[in-house]
Amino acid sequence: MSVKPQVRVVAGLLRRGERILLAQRCPDDHYGLLWEFPGGKIEAGETPRRALARELQEELGIDVEVGACVARYHDESEVLRITVSLYECVISAGAVRPVECFDVRWVTLPEAALLPLAPADRKAFAAVRKKIDEKN
């Protein structure tokens, strides 16, 4: 039995009032056209916060201030194990646009619950819903 590779991923929780930002994966990506919190893999030598800032610039064309980690969760597929750290982020420059994703949407929690989410992001969504409910 072979050991599955471990991938460390960061994702951003961006809010605008009662709405959160979700990105839709490109059709030819693994889990194509599913929705997720924007972010990506941590590259060698990067801190999680630096990786997230880079990923959001590449994926959405925005600069962000990365805040606190609000959730950490694990997922496993047939071929790899993923650890995702979700950080609160505030846009400091730029306008959100789908640069390296298919689409982006600012959605309410009930709207997000109706979208087809990538498997790992279903876990993140539960953590986000709990965090937002605690603040209300």
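Residues numbered from 1 in each chain as written. Predicted model: local features only at pLDDT ≥ 70, side-chain atom pairs only at ≥ 80, totals over all residues. Heavy atoms only, no water.

Caption draft 1: Structural context of the pattern of salt bridges. For the coordinates displayed, the defined rule picks out nine salt bridges. We note a salt bridge from Glu46 to Arg54, for which the minimum N-O separation is 2.6 Å. Overall, the relative accessible area of 17% leaves Glu46 in the buried class. Look at Arg54 and you get buried, because its relative accessible area is 16%. Here Asp75 ties to Lys123 by a salt bridge, and the two come within 3.6 Å at their closest N and O atoms. You can see Asp75 sitting in strand 5 (residues 63-76) and its partner Lys123 sitting in helix 3 (residues 119-135), a full 48 residues away along the chain. For Lys123, a relative accessible area of 40% corresponds to the partly exposed category. (Salt bridge = Lys/Arg side-chain N within 4 Å of Asp/Glu carboxyl O. Buried < 20%, exposed > 50% of the residue type's maximum accessible area, 1.4 Å probe, protein only. Helix = DSSP H or I, 4+ residues; strand = E, 2+ residues; numbered from the N terminus.)

Caption draft 2: Highlighting helix 1 (residues 48-60). Counted at 1.5 Å a residue, the expected span for helix 1 with its 13 residues is 18 Å, and the 18 Å between its end C-alpha atoms agrees. All buried positions along helix 1 are accounted for by Ala51, Leu52, Ala53, Arg54, Glu55, Leu56, Glu59 and Leu60. Of the residues one or two after helix 1, Gly61 is the one with positive phi, at around 70°. (Expected span 1.5 Å × (residues − 1).)

Caption draft 3: Region of the structure containing the pairing of strand 2 (residues 19-24). Along strand 2, five of the six residues are buried, which leaves the element largely enclosed by surrounding structure. One ladder, built from two bridges, connects strand 1 (residues 6-16) with strand 2; its direction is antiparallel. By the bridge assignment for strand 2, Arg16 is matched with Arg19. Taking the residues between adjacent antiparallel strands as the criterion, strand 1 and strand 2 are bridged by two residues, where Gly17 takes a positive phi near 65°. Note that strand 2 and strand 7 (residues 103-107) share five bridges and pair antiparallel. Bridge pairing in strand 7 links Ile20 to Val107. (Pairing = 2+ DSSP bridges.)

Caption draft 4: Spotlight on the environment of Cys101. Along the polypeptide, Cys101 turns up in the loop between strand 6 (81-93) and strand 7. Sequence separation between Cys101 and Ala113 is twelve residues; the distance between their C-alpha atoms is 20 Å. In contact with Cys101, other than residues within four places in its own chain, are Ala23, Gln24, Cys26, Glu59 and Leu60. (Contact = heavy atoms within 4.5 Å.)

Caption draft 5: Up close: unusual backbone geometry. One non-glycine residue with positive phi stands out, namely Leu33, at about 70°. Here Leu33 is to be found in the loop between strand 2 and strand 3 (35-36). The exposure class assigned to Leu33 is partly exposed, which follows from its relative accessible area of 35%.

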